[in-house]
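# Per-entry structural report
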Number of protein chains: 2
Amino acid sequence: MTLLDTVVMQGLDSHGVLTADDKTLLLSLELNARRVTAGEVLWQEVADVDLFCVVKEGWAYSYRNLGNGSMQILKIYLPGDIIGMRDFGFSRRLAGVAMINEGVICPFSYQQLFELFARSSSLAAGIIATTVRQQAMLTERLVYLGRYAAHERLAHFLYELYLRLKRINAVEENGFFMPLSQEQIGDALGLSAVHVSRTFSMLRDEGLVERDRQHVVLPDPQALARLVEFNDTYIDESLPPAFQNFLSLNRIA
Amino acid sequence: MTLLDTVVMQGLDSHGVLTADDKTLLLSLELNARRVTAGEVLWQEVADVDLFCVVKEGWAYSYRNLGNGSMQILKIYLPGDIIGMRDFGFSRRLAGVAMINEGVICPFSYQQLFELFARSSSLAAGIIATTVRQQAMLTERLVYLGRYAAHERLAHFLYELYLRLKRINAVEENGFFMPLSQEQIGDALGLSAVHVSRTFSMLRDEGLVERDRQHVVLPDPQALARLVEFNDTYIDESLPPAFQNFLSLNRIA
DNA sequence: CGCCAAGTTGAAACGCGTCAACCGTAGTGG
DNA sequence: CCACTACGGTTGACGCGTTTCAACTTGGCG
C-alpha cells in the first residue's frame, strides 16, 4: 500500500490532476522503510513532533493514557494511512502511537512535508483532504461514544474496519484478519473488555458477526450497515468536482 | 473578534510572518457580515458544501441528528471561530450548524478560500493549523466521552469554555455568559438533560461551579483544571518555531 | 394573568463496570 | 514430548451510574 493508492490520491490522479513529478514527490515520502515489532511504540504522548509516518504493513493505533489509569484509543491505522498529521502545527504530540502487530513503516520529516507542500499544491490539497477524512472518522466515533449502546458501537467499529480493509483488498469472502485484543477494542469504544466479549456473543447470536481468534467474518455486511445507519461518504468519497477543477487550473498557472 | 485575533494568527503576526497583504487578504474573508437569529440553521446535514463562515458575534454549534431520535452536538463555536472547515474536501456536509443565540456571521466561499491559499502559504498554514486545533478539541471530548464520568465531562466542558472565552476577553471575575440549555449541554456530553441538572448541583455542592440561569462562575478555576487534568497545549499554543521559520523563509522565496 | 420552555427532584429500571472464577490456546523450558 | 505458565477470552453475580418517566417548580413573555 502506497499513498498513491488512497481514495483521495487516486481520485486526483484519475482526473489528471497529478503530474509525473507529483507522483515521484509523493513516493519520496516512502523511501525510508523500517521494520517494526508488535507493540513497538513509535512515539509517546508529549514527545517532540519531529516526524510523520506512512504505514506500509501492519496495524497501528494512537492513544491517550488517562489519569484514572485507563486508556483511550483514538484511531486505528491500516496500511496506506498517514500517522501523525494530528500533531501537525503543534510542538508536542497530543497522543502516543504504537504498533499492534509487526509491520513496516516509512517515517518522513516535517521538512519533507513542507517541501512537498511548497512544490505541489495538488499534493498539499490531497494530503490535507486525507487528514480531514481521518478526522471525520474520529468524529463518527465521537457520535457513537456519545449516543449509542455497546452493540451499536461495536457493530459500527467492525463495519468501518470492514470498509477500510475492503478498499485495500484485505477482505476475502466478507472476512478479514483483525489483530486487536478485546481489551484494545474496549479502549477504542469506551467499554470494558468484559463487556466487549459479551457484545461479541450478542452479535454472534444475532448472526451479524462471526469470530474465531483474530479472524472476523461479517456474514451479511448490509444488515450491519443498516443496524448502524452507516453513512459511507466520509470514508469512500473522493474530492468534490469543484476541488479538482481548482487544482487543475492551479497546475497550469 | 476577527480571524487576526486568533492564537495562531497572532502568533504568526508577532513573529513577522504575516505581510500587510496577508492581513488584508485575511480580513477580506469577513467583509460579508450577516445578522442571524437565535436558533437559525446555517446549513443542514448532507447539504452541499458551498461556503464557510467566520463567527463575529454569538454562539453556534455543529450537530448530527441520529436515527434513534437523539442529537449529538459536535462543537461549540465562539466569536472568532471558523465554521465549516470540517467539510473541506467533501461535497456534502457531515454535520449541520445552527446558531445558539442571535449573532453576526461572515460567510465566505470555497473560491475565496482557494484564492487565499494560492496567494499566501502563510495564511494557508495558519488556517490549516487553526482547523487542526479545532479537531484537537474534538479529540479531547472523545476521550472524555469514552472514559470519564458525568461530573468530569461537565467540568471539562465548562473549563474548556472558560479558557476559550478568556482568550476573547469574555470572562469577568471568573464568570461568563453561557446561552446553552442543559439539554444542549447533554447533547454535547452524551448525557441526559436530567443528569446534567443533577451534575450541576453536584459541582455546586462541591464549590466548583456556580450558576444562575445563563451566567456561570468558576470560583476556583485551578481546582477545576486539576479535577479534569486539563492539558491546555491543544487550546493555547501558537505555531511551533520550526513551523514559523519555514513560513518566514517561504515568504521571501 | 396564563402559558410555555427550562430546570429540579424523586422513584424505578437498566446497561455497563467490576470482581472473580474458570477455560482454551500458544509459547516455553525441562 | 509433555508439564507449566501466561495471556486472552468467557461467564456469573453484584453494585453503581445513568436513563427514563413523571410530577412539580420557576422564570420569561405575550
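Just so you know, these numbers come straight off a predicted model, no measurement behind them. (Residues numbered from 1 in each chain as written. Chains lettered and ligands numbered in written order. Predicted model: local features only at pLDDT ≥ 70, side-chain atom pairs only at ≥ 80, totals over all residues. Heavy atoms only, no water.)

## Focus: the relation of the copies chain A and chain B
Formally: Each copy is superposed on the other by least squares, with the fit set by C-alpha atoms of residues at a pLDDT of at least 70 in both. Contacts are assigned to residue pairs with any non-hydrogen atoms lying within 4.5 Å of each other.
With an RMSD of 0.0 Å, the operation that places chain A on chain B is a rotation of 180° combined with a shift of 0.0 Å along the axis. Interpreted geometrically, this transformation is the action of a two-fold axis. Closest to the rotation axis within chain A is the C-alpha of Leu142 of chain A, separated from it by 2.6 Å. Here 100% of the contact residues of chain A are again contact residues in chain B; the copies associate through an equivalent surface.

## As for the sheet that holds strand 1 (residues 34-36) of chain B
The cut-off we apply is this: One bridge is not enough; two strands pair if DSSP finds at least two bridges between them. Only runs of H or I of at least four residues qualify as helices and only runs of E of at least two qualify as strands under DSSP, and these elements are numbered from the N terminus.
One open sheet holds the four strands; their spatial order is 1-8-3-6 (chain B), and the pairing between them is antiparallel. If you trace the sheet from one side to the other, it starts and ends with strand 1 and strand 6 (82-83) of chain B, each paired once.

## Describing the domain arrangement of chain A
The accessible area lost on association of the parts is a frequent measure of interface size. Residues and elements named next belong to chain A. Put simply, the rule reads: Domain segmentation is taken from an automatic or database assignment of domains. Counted as salt bridges are all cases of a side-chain nitrogen of Lys or Arg within 4 Å of a carboxyl oxygen of Asp or Glu. For the purposes of these results, a polar contact is taken to be a pair of N or O atoms within 3.5 Å, where, inside protein, one atom must be able to donate a hydrogen and its partner to accept one; residues adjacent in sequence count only when each atom of the pair is a side-chain atom.
For chain A, the domain assignment lists domain 1 (1-147) and domain 2 (149-239). Each of domain 1 and domain 2 has a C-alpha centre, and these two points are 22 Å apart. Domain 1 puts 27 residues into the contact, and the matching count from domain 2 is 27 residues. Where domain 1 touches domain 2, the interface holds one salt bridge. Counting across the interface, domain 1 meets domain 2 through nine residue pairs in polar contact (both at pLDDT 80 or more). At the level of secondary structure, the elements contributing two or more residues to the side of domain 1 that touches domain 2 comprise helix 1 (7-14), strand 5 (71-77) and helix 4 (121-147). With nine residues, helix 4 is the largest single contributor of residues to the side of domain 1 that touches domain 2.

## Quick word on the protein's contact with DNA strand D
How we decide: Only a single heavy atom is needed: when it lies within 4 Å of a molecule or strand, its residue is near that molecule or strand. In the scheme used here, Gly and all other residues not listed as nonpolar or charged are polar, with Ala, Val, Leu, Ile, Met, Phe, Trp, Tyr, Cys and Pro taken as nonpolar and Asp, Glu, Lys and Arg as charged.
The immediate surroundings of DNA strand D are formed by 15 residues, with Gln182, Ser197 and Arg211 of chain A together with Ala150 and Arg198 of chain B found nearest. Sugar and phosphate atoms represent 66% of those atoms of DNA strand D found within 4 Å of the protein. Within the side chain of Ser192 of chain B, one N or O atom sits 3.0 Å away from a phosphate oxygen of DNA strand D. Take Arg198 of chain B: an N or O atom from its side chain is 3.0 Å from a base oxygen of DNA strand D. Residue assignment for the surface near DNA strand D shows that the elements contributing at least two residues are helix 7 (193-205) of chain A together with helix 7 (193-205) of chain B. No other element matches helix 7 of chain A, which puts four residues into the surface near DNA strand D. Taken together, the residues that form the surface near DNA strand D break down as five nonpolar, seven polar and three charged.

## Thoughts on the pairing of strand 3 (residues 51-57) of chain A
Residues and elements named next belong to chain A. Of the strand pairs in this sheet, strand 3 and strand 8 (residues 103-109) are connected by six bridges, and their pairing is antiparallel. Opposite Val54, over in strand 8, you have Cys106 as the bridge partner. The sheet contact formed by strand 3 and strand 6 (residues 82-83) spans two bridges and is antiparallel. Counterpart to Cys53 in the pairing with strand 6 is Ile83.

## So, the protein's contact with DNA strand C
What surrounds DNA strand C is a group of 15 residues, the closest being Ala150 and Ser192 of chain A together with Gln182, Ser197 and Arg211 of chain B. Here DNA strand C approaches the protein such that, of its atoms within 4 Å, sugar and phosphate make up 66%. Take Gly190 of chain A: an N or O atom from its main chain is 3.5 Å from a phosphate oxygen of DNA strand C. Here a base oxygen of DNA strand C and a side-chain polar atom of Arg198 of chain A are 3.0 Å apart.

## Side note on the interface of chain A and chain B
Quick note on the threshold: A quick way to say it: buried area is the sum, across both parts, of accessible area lost when two parts are put together, with a 1.4 Å probe.
Counting residues at the interface gives 46 residues for chain A and 46 residues for chain B. Here chain A packs against chain B, burying approximately 4,300 Å² in sum over the two surfaces, 66% of which is carbon and sulfur. Its largest share of buried area at the contact with chain B, chain A owes to Phe90, Leu142 and Arg147 of chain A, together 17% of the area lost on that side. For the interface between chain A and chain B, the tally reads four salt bridges. Across the salt bridge formed by Arg64 of chain B and Glu140 of chain A, the nearest N and O atoms sit 2.9 Å from each other. For the side of chain A that touches chain B, the element with the most residues is helix 4 of chain A, which contributes 14 residues. Residues that form the side of chain A that touches chain B fall into these classes: 23 nonpolar, 14 polar and nine charged.

## A word on the pairing of strand 4 (residues 60-65) of chain B
All names here are of chain B. Defined as follows: Between buried and exposed lies partly exposed: a residue is buried under 20% and exposed over 50% of the maximum accessible area for its type, with that area taken using a 1.4 Å probe on protein chains only.
For strand 4, the tally of buried residues reaches five of six residues, placing the bulk of the element in the interior. Sheet analysis places strand 4 next to strand 5 (residues 71-77), joined by six bridges and oriented antiparallel. When the sheet's bridge partners are listed, Tyr63 is paired in strand 5 with Ile73. Joining the antiparallel neighbours strand 4 and strand 5 is a turn of five residues, in which Gly69 adopts a positive phi near 90°. Judged from the four bridges that link them, strand 4 and strand 7 (residues 96-99) form a sheet pairing that is antiparallel.

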